[in-house]
Amino acid sequence: MSATFHTIEHTADIGVEVEAAGVSELFEGAATAMFSLMADISGVRRTERRNISLAASDHVELMFRWLNELLYISDADEMLFSGFSVTVQTVPDGGVALEADVSGEPMDDERHVPGEEIKAATYHELAVSSRDGLWSARIIFDV
Amino acid sequence: MSDRSPTEGLRRLSDYEWEIPRDFKAGMRVPGRVFADDELMRLAAGDRALEQVANVAFLPGIVGCSLAMPDIHWGYGFPIGGVAAFDENDGVVSPGGVGFDISCGVRLALTSLSRDEVKPRLASLLADMAANIPRGLGGRGRISTPEKALRIVFKGGAKAVVEMGYGRSEDLERIEEGGIAPGADPTKVSARAYERGHDQLGSLGSGNHFLEVQFVEKVLKPDVAHAFGLSEGQVVVMIHSGSRGVGHQVCTDYLDVMESVRRGLAMELPDRQLSCAPLGSKQASDYMGALACAANYAMGNRQALMHWTRMAFEKHFGASERSLGMDLLFDVSHNIARMESHVVDGREATLCVHRKGATASFPAGHRSVPAMYRDTGQPVIIPGDMGTHSYVLVGRKESMSLSFGSTCHGAGRTMSRSAARKKIRGEELRARLEKEGILVMAGKPSLLAEEAPEAYKDVSRVVDVCEGAGLSTKVAMLRPMAVLKG
């Protein structure tokens, strides 16, 4: 099962809830949710690839770093991403790590339908959890 | 909390003040205080904003109360409209108390043109400003700032941008802190923030940022309006923008730093977005150094945006911007933390005042108020929504003891963006506003819907409460004529 997501109400900003069968798929789903807010990603071709490696002390911190890493690349390089292949693992000496292969293309005003300008993924009520094999995350973005 | 009745657990202190007692939430070091009337309190209690006021009260070294201005609403970390001051000796600084859009703020440029003079040329003026001013998602600025130039802007703020040829040197006297945030340390800004900032200077951004041509619909305090150069029927220009990717990256970088500090000190906080570092620590000093750089970038950004606005007016009215009277009234930041002197328990103390969606409202005679406003108090610029009004207020003495010299920053949202999109159609809104004489240009219709007047609280009520509570005084009411959105 691939990840599913829906937006949640927030007065000033935008939140999403993501669900997936595994932790790696959850991180893929969160990235898909974020870029879906930024543009109609069905029209984003996967012509360029980037590799991302991150480590963090827990899944919440990893989610914060993952989404903000993608926002940094997107903003600095004017890229939109639509493909995310992620592996999240627990590190033997404690903490968690992420390896990702992401794909997308440079922003193109002619072809891409813009959505929200996301300033950042926030730590506010940021949650990552698993229950009965189902992983879920809740993320609030500053827009 | 959601099953509480709206004001359960709160103590009403006056018509415009409510206390959130320390027993509202275990762990609060001081009470919360919200400036609101019944209606604004009902709106504040409708989301998670009051809980956020309580959460801020957990932070070490907080002085007085955790405060919220009348435009309070649910944010992340601090509520929007949140003000908190921390003692320099045992307090903290928290990037969550400033936010990602560091030094987001507003400036107002005057003109000597009347509404009737501008009206016939409004559509072409708006089109010209739209062509001149980069905006929207990924909108690149018109000023390229490679690393060396960026360092100069980080240190020199609006002054550096004026020296690049964008504006006049006398503009600087009409910006908070003379347009240069003190203590900027460009070595504390990450390579990533440099990378994001090198081509964004001079860009409006998206979301709630805007540029509006407005006119003074009503003067509410004639003597101060006169001193500010405001008169009825006069056209003015309001610019709302921030530090773009630089601020976003500085906040992201330092949230990471503060989170490790929090873990190291085993600090129990109700929200990781409130992570902080003790003032005086290396991490706090580094953040303050980077924060000032981002604030300088923001003030420089608004300076460039105003310059191109002046150029558009020059082109359309065939006269120099000086002869068109395009003086800057003032430039205020409403997402900021600064070291300020305040009187606490009868003694002068240096505090780190965080304003997250709140504006400084310093009174006549205050040392931070520039000389030309020393007798009136500082101008406070309050953007409303694109369909109703904005305001110019003036700082007031009582605010010093009530709110560390702070007042509101805008109308404050009342409807989520998705709810607004469901309820309002951008194109219909554009047509409706046009009928009311307000021209609107936006990158996309859905953004118009999200920023519709209905999505915001009544700004007039907000500024009335600010006046009633003693935080600021209304000087003039402005009405939009043309709106440019990201």
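Everything below is about the structure shown above.
A brief look at the structure comes next. Remember, predicted model here, so these are calculated numbers, not experimental data.

Rules used throughout
Residues numbered from 1 in each chain as written. Chains lettered and ligands numbered in written order. Predicted model: local features only at pLDDT ≥ 70, side-chain atom pairs only at ≥ 80, totals over all residues. Helix = DSSP H or I, 4+ residues; strand = E, 2+ residues; numbered from the N terminus. Rg over C-alpha atoms; globule rule 2.2 N^0.38 Å. Buried ≥ 20, exposed ≤ 12 C-beta atoms within 10 Å, placed from the backbone. Contact = placed C-beta atoms within 7 Å. Axes fitted to C-alpha atoms, helices over the stretch in contact; angles between N-to-C directions. Parallel < 35°, antiparallel > 145°, perpendicular 65-115°, else oblique. Left-handed = near helix turned anticlockwise from the far one by under 90°. Pairing = 2+ DSSP bridges. Expected span 1.5 Å × (residues − 1). Nonpolar A, V, L, I, M, F, W, Y, C, P; charged D, E, K, R; others polar.

Description of the overall build of chain A
Within chain A, the secondary structure is distributed over 2 helices and 8 strands. Over its C-alpha atoms chain A spans a radius of gyration of 14 Å, differing by no more than 12% from the 15 Å that the globule rule assigns to 143 residues. Considered along the principal axes of its C-alpha atoms, chain A spans approximately 45 × 35 × 25 Å. When burial is assessed residue by residue, chain A has 51% of its 143 residues classed as buried. Considering only contacts in chain A between residues 6 or more positions apart, those separated by 24 or more positions represent 65%.

So, the packing of helix 8 (residues 244–264) of chain B against helix 9 (residues 282–317) of chain B
Residues and elements named next belong to chain B. Running from amino to carboxyl end, helix 8 crosses helix 9 at an angle of 170°, the nearest separation of the two axes being 9 Å. Between helix 8 and helix 9, the interaxial angle falls into the category roughly antiparallel. For helix 8 against helix 9, the interelement crossing comes out left-handed. On helix 9, the residues touching Arg244, Val246, Gly247, Val250, Tyr254, Val257, Met258 and Val261 of helix 8 are Gln283, Tyr287, Ala290, Leu291, Ala294, Tyr297, Ala298 and Asn301.

Side note on the pairing of strand 4 (residues 79–90) of chain A
Residues and elements named next belong to chain A. Both strand 4 and strand 5 (residues 96–106) contribute to a ladder of 11 bridges, which runs antiparallel. Note on strand 5: the bridge partner recorded for Gly83 is Ser103. Count of turn residues in the strand 4/strand 5 antiparallel hairpin: 5 residues, of which Gly94 carries a positive phi of about 105°.

Re the sheet that holds strand 5 of chain A
Residue and element names in this part refer to chain A. As summarised here, the arrangement of the 3 strands in space is 3-5-4, forming an open sheet in which the pairing is antiparallel. Pairing within the sheet leaves two strands with one partner each, and these edge strands are strand 3 (48–56) and strand 4. Sheet twist, expressed as the average angle between the axes of neighbouring strands with direction ignored, equals 20°. When strand 3 meets strand 5, the two strands line up antiparallel, connected through 9 bridges. Considered in strand 5, the bridge of Ala55 is made with Ala97. Seen against the sheet, helix 1 (residues 23–38) touches strand 4 and strand 5 and runs at an angle of roughly 160° to strand 4. Packing against the sheet, helix 2 (residues 59–77) makes contact with strand 3, strand 4 and strand 5, and its axis sits at approximately 150° to strand 3.

Describing helix 8 of chain B
Between its first and last C-alpha, helix 8 of chain B extends 31 Å over 21 residues, near the 30 Å set by a 1.5 Å rise per residue. Within helix 8 of chain B, 15 of the 21 residues are buried, which leaves the element mostly enclosed by the surrounding structure.

Re the interface of chain A and chain B
At the junction of the two partners, chain A supplies 27 residues and chain B supplies 38 residues. Of all elements in the fold, only helix 2 and strand 8 (134–142) of chain A reach the threshold of two or more residues within the side of chain A that touches chain B. Ranked by residues supplied to the side of chain A that touches chain B, first place goes to helix 2 of chain A with 5 residues. Across the side of chain A that touches chain B, the residue classes tally to 12 nonpolar, 6 polar and 9 charged.

So, the sheet that holds strand 12 (residues 335–344) of chain B
Residue and element names in this part refer to chain B. Spatially, 1-2-3-4-5-13-12 is the arrangement adopted by the 7 strands of the open sheet, whose pairing is mixed. Every other strand in the sheet has two partners, leaving strand 1 (11–14) and strand 12 as the edge strands with one partner each. Within this sheet the neighbouring strands show an average axis-to-axis angle of 30°, counted without direction. Both strand 5 (residues 78–87) and strand 13 (residues 347–356) contribute to a ladder of 6 bridges, which runs antiparallel. Residue pairing for strand 13: Ala84 is matched across the bridge by His354. Each of strand 2 (17–20), strand 3 (32–35) and strand 4 (62–76) touches helix 14 (residues 459–469); the most contacted strand, strand 4, lies at about 160° to it.

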